[in-house]
Amino acid sequence: MADEPLVLGIETSCDETGVGIVRGTTLLADAIASSVDEHARFGGVVPEVASRAHLEAMVPTIERALKEAGVSARDLDGIAVTAGPGLAGALLVGVSAAKAYAYALGKPLYGVNHLASHICVDQLEHGPLPEPTMALLVSGGHSSLLLAPDITSDVRPLGATIDDAAGEAFDKIARVLQLGFPGGPVIDRLAREGDPKAINFPRGLTGPRDAAYDFSFSGLKTSVARWIEAKRKAGEEVPVRDVAASFQEAVVDVLTRKAIRACKDEGVDHLMIGGGVAANSRLRSLAQERCDAAGIVLRVPRPGLCTDNGAMVAALGAEMVKRNRPASDWDLSADSSLPVTDPHVPGRSSGHSHEDGDGSGDGHSHDHGHSHSHSHDHVHELSKDNLYS
């Protein structure tokens, strides 16, 4: 384990400041500062509020993660950060912090993809990913089916949402039902007491001529909203638990049906489910039921690793170091629409050596077959000494 790369990961794509520390595929720390309560009164995430919260939480969360892991910042072999996709302002806070720490410590910097990180995090719980891996990612912003022959360099989109993502649909229906924000957890809880067959809501894009792997939840959202509106206009009580259960069943039915089909079509015998909606209890149980029937091994991280976190970024960063992928340049920037086909953002040149600009350090050597160098001439060298003694 001591020979495995030690990497710190920073995640700020939305409303949670996540900092994780991973050694190889072993999770050492997973510190999170969430601003969800600040957004709840607005019924959704406010980008400027999220950015400000990241600024305030960044340094304390990093320090908390280092303390939890029992390591020094100078022990790190690299720093990884979500470069995209996500909210532009929120991403910029994380990227700026990662660049500052990486430069000051003389460590290689890895800008990685948020979606690829959601796949790679499963290594922390179930060991190395099979190659290829079929991944169903479901969150507030994404509903995607991805085939990953190599999580660090080759991720192929098979299908994606053409309108509302699954998590977004959960939030909108929760708003119609006046259940608050975020909607996923409360709908999941109420659905356990409801009848999933009470109302036959539509299953989008499941016809014989529809795109096999794409998702659409906008029509479902509209159907549920109109059903609720009709009940209210008639002066009837809305059966909230049955609505929640029937709506949830429509979503997870489509998600699992298409994921199983993709596995069969591509000849892949493993399915990984990630993203915030992967914490949904009905999605996990139906996926397990259908995978068992199809002879497919299901891999789903525990709920805490499904939502946005720094551990997933550190996991992908550690894999980048282990596989000798090129580090990012110092001009790395946030890309709110970074395609999943780019698991990470490498530098313009590779195969170069990375050195501490002032030769200072703690006496430890971390050689994992990778080497990177960057010019530090444009930043005052005292910054390295001032960050950590």
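Just above, that's the structure.
The structure presented is a predicted model; accordingly, all values stated were derived computationally and were not measured. (Residues numbered from 1 in each chain as written. Predicted model: local features only at pLDDT ≥ 70, side-chain atom pairs only at ≥ 80, totals over all residues. Heavy atoms only, no water.)

Some words on unusual backbone geometry
In this structure, the amide linkage connecting Gly-84 to the following residue, Pro-85, adopts the cis form with an omega of -10°. Mapped onto the secondary structure, Pro-85 falls in the loop between β4 (78-84) and α3 (88-105). Of note in the backbone geometry, Leu-205 takes a positive phi value of approximately 55° without being a glycine. Look at Asn-324: it is not a glycine, yet its phi comes out positive at around 60°. The class of Asn-324 is partly exposed, set by a relative accessible area of 42%. (Helix = DSSP H or I, 4+ residues; strand = E, 2+ residues; numbered from the N terminus. Buried < 20%, exposed > 50% of the residue type's maximum accessible area, 1.4 Å probe, protein only.)

Details of the sheet that holds strand β2 (residues 16-23)
Pairing is mixed across the open sheet formed by six strands, whose spatial order is β3-β2-β1-β4-β5-β11. The sheet is open, and its two edges are formed by β3 (26-34) and β11 (344-345), each paired on a single side. In this structure, strand β5 (residues 109-113) lies alongside β11, joined through two bridges in antiparallel fashion. Pairing of Gly-111 across the sheet is with Val-345, part of β11. Against the sheet, helix α2 (residues 47-69) contacts β1 (6-11), β2 and β3, and its axis sits at roughly 155° relative to β3. In the packing of helix α12 (residues 310-322) onto the sheet, contacts are made with β1, β2, β3, β4, β5 and β11, and the angle to β1 comes to roughly 135°. (Pairing = 2+ DSSP bridges. Contact = heavy atoms within 4.5 Å. Axes fitted to C-alpha atoms, helices over the stretch in contact; angles between N-to-C directions.)

Brief notes about the sheet that holds strand β6 (residues 133-138)
Backbone hydrogen bonds are what pair the strands of a sheet, in a parallel or an antiparallel way. Spatial ordering of the open sheet is given by β8-β7-β6-β9-β10, a layout of five strands whose pairing is mixed. With partners counted over all chains shown, the strands left at the sheet margins are β8 (154-160) and β10 (297-299), one partner each. Across the sheet, the axes of successive neighbouring strands diverge by a mean angle of 25°, strand direction being ignored. Taken together, the four bridges between β6 and strand β9 (residues 270-274) define a ladder with parallel strand orientation. For Leu-137, the partnering residue across the bridge sits in β9 and is Gly-274.

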